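# Analysis of the macromolecular model
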Number of protein chains: 2
Amino acid sequence: MTGMNNFFIKHEDNPDITKERNAGTFDVRRMASFLYGGDDKLERRDEIRAFVKSKPELHDPVPIEFMTREERVSNAARKIVALTNHLGAIDASDFFGEGMYFQTLVMGRDPHPLSLHFVMFIPTIQGQTDDEQLDEWLSLAVARGIIGTYAQTELGHGTNLKNLETTATYDPKTEEFVLNSPTITSAKWWPGGLGKSSNYAIVVAQLYTQGICRGPHPFIVQLRDLETHKPLKGVRVGDIGPKFGFHSIDNGFLMFDNYRIPRQHMFMRHSKVEKDGTFIAPKHSKLSYGTMVFVRSIMIKDQATHLAAAVCIAVRYSAIRRQGEIEQGAGEVQILDYQTQQFRLFPYMARSFAFLFAAYEIRDLYLKVNEQLTHGNTDLLPEIHALSSGLKSVISWEAAQGIEQCRLACGGHGYSLASALPDIYTSAVGGCTYEGENIVMLLQVARFLMKAADEVQSGNARLADICNYLVKPNSAHSRLTNWNTYSDADIIGDFEHVARRQVFRAFELLRRHQKESSAEEGWNRASIELCKASRGNYMSDRQLDEIREGIYRCLERIRPNAVSLVDSWDFDDMELHSVFRAFELLRRHQKESSTEEGWNRASIELCKASRMHVRLYLVRNFLQKVSTAPHASLREPLTDLTRLYVFDLITSCPEFLKGNYMSDRQLDEIREGIYRCLERIRPNAVSLVDSWDFDDMELHSVLGRRDGNVYPALLEWAQMSQLNKTEVLSTFEKYLGPMMKDGRSKL
Amino acid sequence: MTGMNNFFIKHEDNPDITKERNAGTFDVRRMASFLYGGDDKLERRDEIRAFVKSKPELHDPVPIEFMTREERVSNAARKIVALTNHLGAIDASDFFGEGMYFQTLVMGRDPHPLSLHFVMFIPTIQGQTDDEQLDEWLSLAVARGIIGTYAQTELGHGTNLKNLETTATYDPKTEEFVLNSPTITSAKWWPGGLGKSSNYAIVVAQLYTQGICRGPHPFIVQLRDLETHKPLKGVRVGDIGPKFGFHSIDNGFLMFDNYRIPRQHMFMRHSKVEKDGTFIAPKHSKLSYGTMVFVRSIMIKDQATHLAAAVCIAVRYSAIRRQGEIEQGAGEVQILDYQTQQFRLFPYMARSFAFLFAAYEIRDLYLKVNEQLTHGNTDLLPEIHALSSGLKSVISWEAAQGIEQCRLACGGHGYSLASALPDIYTSAVGGCTYEGENIVMLLQVARFLMKAADEVQSGNARLADICNYLVKPNSAHSRLTNWNTYSDADIIGDFEHVARRQVFRAFELLRRHQKESSAEEGWNRASIELCKASRGNYMSDRQLDEIREGIYRCLERIRPNAVSLVDSWDFDDMELHSVFRAFELLRRHQKESSTEEGWNRASIELCKASRMHVRLYLVRNFLQKVSTAPHASLREPLTDLTRLYVFDLITSCPEFLKGNYMSDRQLDEIREGIYRCLERIRPNAVSLVDSWDFDDMELHSVLGRRDGNVYPALLEWAQMSQLNKTEVLSTFEKYLGPMMKDGRSKL
């Protein structure tokens, strides 16, 4: 059972890494097959890999880390054209599987000038156009006859779409929309490929027709001349400059100056503007939720893969790096033997598996829900949309943290771009911000959870499986006795308990704050409305202060007294009417604003509730998936990972101790479990990371090489440094040489 | 008391940021004076700043983020020569104060070609040469007649100096050392400025003389010709390639091929090699500890400043960024009003103050200890050395985490290099690895703590103030009742309790593991020695297994039985003698190896103990410093920060709950305290970050601008992008244009 287990073993590999591969207790190819969903999937990976290796036009002339930004942008443009020329090599309908793999092998971790074209431009055309528009634009975009991007975010506006400033004003005389960027903050900012590559964009702008703002709508807009690629008159467009990562793409800015587009360039599947400017409001559509869930599943798979790549690099390097001695005279040890190193890496190894399983599960859920949608059933959509938002948030953050730990665990060499770890980090951590900022995402999940909690409390909950734990009875104590007899059911029970507790804790806090803040917010609201009412100084500062005092101390009591209070200020009728209208408005908005202010004050606890909801899901799904592994030899190492993951979560979360739910002794048992799991995972560590079936081309890391022959490769890599093109830099002649000569002459 | 409080306020500033500055409750200049140690220090900062602004040669021609790596390296060389030409502008003896500030203003966050020359090369000459050598090298180095670096780390060897591979073999015939790099892993790797800038290096190599290895020693070695700057024959040197950060410096590699240097180029203050090759061993010197403590104080100040800069940028930006609504119709709110945003930023704001105060305290301790050293008293040195190692580890990691949180809290714009946050992060996070890898540092602290714990248990502890808490009696419960009456003394008591508990918990675990592992390690050790003893197959595999079994099951019992056990195997006398010698050796090594193996198994808990020791110190020092603030108006906002810091530490550490030391109710109270502190800090947030007296030149961040006019500045910054030099990139003509033309022709 040794050697044959790991198809990565080859002659002339570093003996340390071969030793590790021989020590593995399971068949790596079999594990890979389980991870990716079958032998046929693995075979397709092999074929795609072989195809890419056979096509020189899909390769980089030199490693991209030695290129300037301009060179990276150019190289990415070259490769994405070549890649899309070869789409026949894959089953493009399977983007989650074959498409992502093909793209990763060729494009690496950087986005490219067509990223948004495929991910946002084409899907928006498919989802937002009426039939005529679909005919006009879809085939053109699919044929790559134009390059489009999606321009929504503005310099001063991100998540809050309602306040976008770009305007599209309908002119019925010419039957055109006039696009304008009225302020600097209205400049479109960030869209990928917008700066230099795209000649079209879907622009989200405030629609004005018949003098009324109708809210943000999508318009398709030509930006550059098809022949010369120069920006058209009225369009100002450019690159927004260098970033933490994503060096190969021209994220751009865009401003309009009375730029006119035909009426038909507003996408009209949902809303419509007729020739005379009549606006026809949209019917509500939940269908976009579905697409978002699918995009999230892709993003989660991406993040899981980034994390797994980082763990793979760090574990392989830790197997060949020898440093320090544990036993005197026995020689330096592999740093993977250090408990601290294992503790840095293995919990994140566990997460990479948990996250990949979650990605597959979300994709399957999407397919299931989509199936239900065809029967008109949208019940589960909000729940799954919330879950996918939460997973996006938790996974992108934990993946980023894990990648940095992997980088740090490689010491100095982790800081070199040769390790690839800096690049993996900057790519992955972007996911905390794009596609919905993480905190905003968690608060979205919390809205869903608070609604569920409210339903549970009022006794009319209609919850799907994912939230079912909210109606289960509380238990007083964890049933854990020994770390190695801690059953799946008990684990889930404990995570359910803690998640439930936190959801209702946040719910109570929210209720309390909403009551409190309705009193305080009363003043804010009242002051604004009363100021409006006091046009012409109907009220003095002192009078406003008096109202403030009254409202602030007790909003409940002010209502019955309002008339007499106001009477005492000696207004005439017109004025009084205006004051009352203000109070009227106040009462109407009161509930809303207190809801939002209370929400803000509870938001830390709300985020925590969301995180626990998501972690419960991740734990349950991880356990469930592992239980389906087709052989005990696979289940055993995976079970070690599930336990380490669970124990790691518990020890880092004081909530498990609250109300003495877990005792000190139980916590000690869990700590013991961590140490034991680290020991158990140690011999399988390299085989487990091998199971991800990473090719050296994909990892693109000198430290993570399959063969473990890291040091000669590092030396070879360094030779390519930009600074090594000449033996002596011009800095010597210009600055350092004269300085030293001068210094020596003075002695 | 408004407006006049903050000297940052100017006309035409963003009204939101002026509003914030007017809301502050304290005098910002007064706070800055407290932070930096007096009005005179602030005045010197003003003068140095004015000087730098007046000298165009100290400025960048374009922001460095738009430069290629080659341009950055060249720009840094130009500026560091100009800077060192102007050293007369500062009191260079005050490196901690004036020197660091001058360097930061001119060089920004990047290291430069003379970084190691000043920080390592010159101090090593001062510390390691004999008098004659000092004369020869010091003035040459100080006059900048040569550029030197410090080459210790090798491609395959970092923290474990004992195993460096570079050799320096003494040849008495020519009275020279012959330097060699016998393997690839022996290549010197990483030293700053080694690749291209330096023409000299202090090289640490294994000294061989009279056929014996004498361990690693320092040699001064010329690498490049003084006139042509070409590498000398026998020297292979170059740049190691691009990194996560530090783009402006040529970290290098270095290999020797029979390269000869005169005998006098070995630094001989401590060890000596005489003409005939006689080696004179060094006397132990603890003095280098002192310098390390000073270097650490500088590093901690650096990290604190990086974190403070990140917090300053994020807080100012959060004050002018408006996004989303809390109150309906009241317009978008400053994102600083969101509780979640405050919770992301303010705990790190608190840390930036805590860390700065620690840096000053360590510098003062260094001066005090240095004073004691002149009287021959070295008692405190190990303790302070351990403390500074621990602070380096905890602070570099928490600073890095905080900087990333600040970056993420700025949303998309935080990902742009315009924010400076990516650059701050990559600069700061390097500190987790260089000058001692963080985990290794924590384990060093733990060695010190375990020694102290051992002394306490054996009743003969002689501890300085910093460790005094180890002998205090345990208390059963925290005395906290209300978050706002939680006294300094009670806080310190609680942190002492938790640190003490963890130190002794780790100590017990260590003892237990050392006992256990001495049994297990017995086999490892025995197997090696017995294999040696069994030259010529004296023992069969079965016999070895039998010994293994015996030793493994009970090492204590094997000793008395060893003879009869061995008797039963029927050896002759010579063989028996050899077996007994092996057992002899085994017994001798037993204690050592079990110590180290047990150490490894307890290392997670040991690291935790070190962290708590350090956090206790940070908390105590923070509280103490704040209590000395010269006015209540300064003490109040600082006290809010101390409380937030303390509460944040407690809630993220389950240890406070263990043994019911803190009850659920107390934990709830602490959570309440967090929310209240966030509210209290909110109005002072901008003033608090202003107190760091950052100049726009120093922050170098579009988001963190003093005037808050971020958006126009972002647009202006973007214009400078490399990609905006031409309206149409060559990618259009080469790749994208033909692709689109082809696509359109097919429709």
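Everything numeric in this text was worked out from a predicted model, so none of it was measured. (Residues numbered from 1 in each chain as written. Chains lettered and ligands numbered in written order. Predicted model: local features only at pLDDT ≥ 70, side-chain atom pairs only at ≥ 80, totals over all residues. Heavy atoms only, no water.)

Attention now goes to the UniProt feature "binding site: FAD" (unreviewed entry) in chain A. Residue and element names in this part refer to chain A. The sites that UniProt annotates as "binding site: FAD" (unreviewed entry) are Thr153 and Gly192. Spanning 40 residues, the named residues form one tight spatial group whose C-alpha atoms are at most 11.1 Å apart. Mapped onto the elements, Thr153 comes out in the loop between β1 (148-151) and β2 (167-171). You can call Thr153 partly exposed: its relative accessible area is 29%. Beyond its immediate chain neighbours, meaning those up to four positions away, Thr153 contacts Gly158, Ala187, Lys188 and Trp189. Here Gly192 shows up in the loop between β4 (188-189) and β5 (200-209). When neighbours within four sequence positions are excluded, Gly192 is seen to be in contact with Leu116, Thr149, Ile249, Asp250 and Asn251. (UniProt positions renumbered as here; feature names shortened; annotations may be inferred. Helix = DSSP H or I, 4+ residues; strand = E, 2+ residues; numbered from the N terminus. Buried < 20%, exposed > 50% of the residue type's maximum accessible area, 1.4 Å probe, protein only. Contact = heavy atoms within 4.5 Å.)

Turning our attention to the sheet that holds strand β4 (residues 188-189) of chain B. All names here are of chain B. Within the open sheet, the 3 strands sit side by side as β4-β8-β7. Their pairing is antiparallel. The open sheet has two edge strands, β4 and β7 (235-239), and neither has a second partner. Where β4 lies against strand β8 (residues 252-256), 2 bridges are found, and the strand directions are antiparallel. The residue of β8 that forms the bridge with Lys188 is Leu254. (Pairing = 2+ DSSP bridges.)

Attention shifts here to the nonpolar core. Trp189(A), Met349(A), Phe353(A), Trp189(B), Met349(B) and Phe353(B) are the most contacted members of the largest nonpolar core, which has 326 residues in total. Those residues in contact with Phe353(A) that lie beyond four places of it in its chain are Leu35(A), Phe622(A), Leu638(A), Leu641(A), Leu688(A) and Trp692(A). (Core = buried A, V, L, I, M, F, W, Y, C linked by side-chain atoms within 4.5 Å.)

All names here are of chain A. Of all 5 residues making up strand β8 (residues 252-256), 5 are buried, and the element is well covered by its neighbours. Residues Gly252, Leu254 and Phe256 line one face of β8 and the alternating positions Phe253 and Met255 line the opposite face, and both faces are buried. Two strands pair when backbone bridges link them, and strand β7 (residues 235-239) and β8 are joined in this way by 5 bridges, in the antiparallel orientation. By the bridge assignment, Asp239 is partnered in β8 with Gly252.

Turning our attention to the pairing of strand β3 (residues 176-180) of chain A. Residue and element names in this part refer to chain A. Burial analysis of β3 places 4 of its 5 residues in the buried class, the great majority of the element. Across 5 bridges, β2 lies against β3 in antiparallel orientation. Bridge pairing links Tyr170 to Phe177 in β3. Count of turn residues in the β2/β3 antiparallel hairpin: 4 residues, of which Glu175 carries a positive phi of about 55 degrees.

Before going further, it helps to examine the packing of helix α10 (residues 381-409) of chain A against helix α10 (residues 381-409) of chain B. Two measures define how a pair of helices packs: the angle their axes make with one another and the distance between the axes. Packing of α10(A) against α10(B) leaves a shortest axis separation of 13 Å and a crossing angle of 145 degrees. Relative to α10(B), the crossing made by α10(A) is right-handed. Across from Trp397(A), Gln401(A), Gln405(A) and Leu408(A) in α10(A), the residues of α10(B) making contact are Trp397(B), Gln401(B), Gln405(B) and Leu408(B). Class assignment of the residues belonging to the contact of α10(A) with α10(B) gives a composition of 4 nonpolar, 4 polar and no charged. (Axes fitted to C-alpha atoms, helices over the stretch in contact; angles between N-to-C directions. Left-handed = near helix turned anticlockwise from the far one by under 90°. Nonpolar A, V, L, I, M, F, W, Y, C, P; charged D, E, K, R; others polar.)

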